[in-house]
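Structural characterization, general
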Amino acid sequence: QVQLVESGGGLVQPGGSLRLSCAASRSIFSIRTMGWYRQAPGQQRDLVATITSSGNTVYTDSVKGRFTISRDNAKNTVYLQMNSLKPEDTAVYYCNANIATMTYWGQGTQVTVSS
């Protein structure tokens, strides 16, 4: 069981950058997979990136080369560095953790990319 709190969202111009943080209420050292998902208005919640306890990462095609997921186990925090942001990146971004057979979500943080 874990509580997740996202932060770092906001309004940014196209081409800009943001770094999202996901703070967990417990150690994430033993959580095999954590990730970031996003949901735009009227759309489903889609995977953005995942990272395993061994550091392996997976990205959806649309963010490859622009986004970087990382984890700092000592700080119980997962990050999403977002560069070269596009208007289509606008969405609520959610942190995710899988523990055993359970899935946990944060409350989300809004990212808006607009000029």
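Residues numbered from 1 in each chain as written. Predicted model: local features only at pLDDT ≥ 70, side-chain atom pairs only at ≥ 80, totals over all residues. Heavy atoms only, no water.

**Here's the deal with the sheet that holds strand E8 (residues 77-82)**
This is how it is decided: One requirement defines pairing of two strands: DSSP has to find at least two bridges between them. Only DSSP runs of H or I with at least four residues qualify as helices, and only runs of E with at least two residues qualify as strands; both kinds are numbered from the N terminus onward. Axes, fitted as lines to C-alpha atoms, cover a helix only where it is in contact. Angles between the N-to-C directions of the axes lie from 0 to 180 degrees.
Strand order in the open sheet formed by 4 strands is E1-E3-E8-E7, and the pairing between neighbours is antiparallel. One side of each edge strand has no neighbouring strand; the edge strands of this open sheet are strand E1 (4-7) and strand E7 (67-72). Recorded for the sheet is a direction-independent mean angle of 15° between the axes of neighbouring strands. Alignment of E1 against strand E3 (residues 18-24), held across 4 bridges, turns out to be antiparallel. By the bridge assignment, Glu6 is partnered in E3 with Cys22.

**Quick word on the state of the cysteines**
Spelled out, the test is: Cysteine sulfurs are considered disulfide-paired once they come within 2.5 Å of each other. Burial classes: relative accessible area under 20% of the type maximum marks a residue as buried, over 50% as exposed, and values in between as partly exposed (1.4 Å probe, protein chains only).
Counted by the stated rule, this structure contains 1 disulfide. With a sulfur-sulfur separation of 2.0 Å, Cys22 is cross-linked through a disulfide to Cys95. Torsion about the S-S bond of the Cys22 and Cys95 cystine: about -80°, corresponding to left-handed handedness. Linking Cys22 in strand E3 with Cys95 in strand E9 (residues 91-99), this pair joins segments that are 73 residues apart in sequence. Accessibility classification places Cys22 together with Cys95 in one group, the buried group.

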